[in-house]
Amino acid sequence: MNSLEQAEEPRGFGPPIPAVVSGNCRDLKAFERRLTEYIHCLQPATGRWRMLLIVVSVCTATGAWNWLIDPETQKVSFLTSLWNHPFFTISCITLIGLFFAGIHKRVVAPSIIAARCRTILAEYNMSCDDTGKLILKPRPHVQ
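Not measured: the values here are computed from a predicted model.

Undergrad: In this structure, what is going on with the pattern of salt bridges? I would like to understand it.
TA: In a structure, side chains of opposite charge can pair up when their charged atoms sit close to one another. A full pass over the atoms with the stated rule returns two salt bridges. A salt bridge links Asp 130 to Arg 118; the nearest nitrogen and oxygen atoms lie 2.6 Å apart. Within this pair, whereas Asp 130 is found in the loop between β1 (126–128) and β2 (134–136), its partner Arg 118 is found in helix α7 (residues 109–121), the two being separated by 12 residues in sequence.

Undergrad: It is not clear to me how the UniProt feature "transmembrane region" (unreviewed entry) in the protein chain should be interpreted in this structure. Could you clarify?
TA: Here the UniProt-annotated "transmembrane region" (unreviewed entry) positions come out as residues 51–69 and 81–103. With 100% helix and 0% strand, residues 51–69 has its two end C-alpha atoms placed 27 Å apart. Taken end to end, residues 81–103 is 87% helix and 0% strand, and its two terminal C-alpha atoms sit 28 Å from one another.

Undergrad: Help me understand the environment of Thr 80, please; the structure alone is not making it clear to me.
TA: Looking at the element boundaries, Thr 80 is found in helix α4 (residues 78–84). You can call Thr 80 partly exposed: its relative accessible area is 34%. Reaching out from Thr 80, the side chain makes a polar contact with the side chain of Ser 77 at a distance of 2.8 Å.

Undergrad: Mind showing me how you'd approach the side chain of His 85 here?
TA: Along the chain, His 85 turns up in the loop between α4 and α5 (86–100). By relative accessible area, His 85 is classed as buried at 13%. One polar contact links the side chain of His 85 to the main-chain carbonyl oxygen of Ser 81, over a distance of 3.0 Å. Discounting chain neighbours no more than four positions away, the residues touching His 85 are Asn 66, Trp 67, Asp 70 and Thr 73.

Definitions and limits used
Residues numbered from 1 in each chain as written. Predicted model: local features only at pLDDT ≥ 70, side-chain atom pairs only at ≥ 80, totals over all residues. Heavy atoms only, no water. Salt bridge = Lys/Arg side-chain N within 4 Å of Asp/Glu carboxyl O. Helix = DSSP H or I, 4+ residues; strand = E, 2+ residues; numbered from the N terminus. UniProt positions renumbered as here; feature names shortened; annotations may be inferred. Buried < 20%, exposed > 50% of the residue type's maximum accessible area, 1.4 Å probe, protein only. Polar contact = N/O pair within 3.5 Å; in protein donor to acceptor, adjacent residues only side chain to side chain. Contact = heavy atoms within 4.5 Å.

This is the structure:
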């Protein structure tokens, strides 16, 4: 069995599925539904943080380029050079502030959640993909 959908298929001949297994399947489906819902709800905020990081990074790179090609940059002190290029200075300070605020974690938050779930689910012979769908692994055969 590779997914929970296959776990629901009716069985042909053989003993009926015990109520405990059926209850576990419902619990797994509820966990999967909640995990996918949580990861899905993180996506819009993650997208906004990514766009903000891209915009500030492009502004910083553009400001740095203008700062470096300015002939006055080599002739004046470092602080005066920064004072002469406020766009670069402000965008650089903003980028540093965003990293101190934890933007590097916020842009990958769904991946962090999925990776932590994979770590825990590995103990139960399960895993999950990046969207939160559970993957059931075959039980190891002990001989």
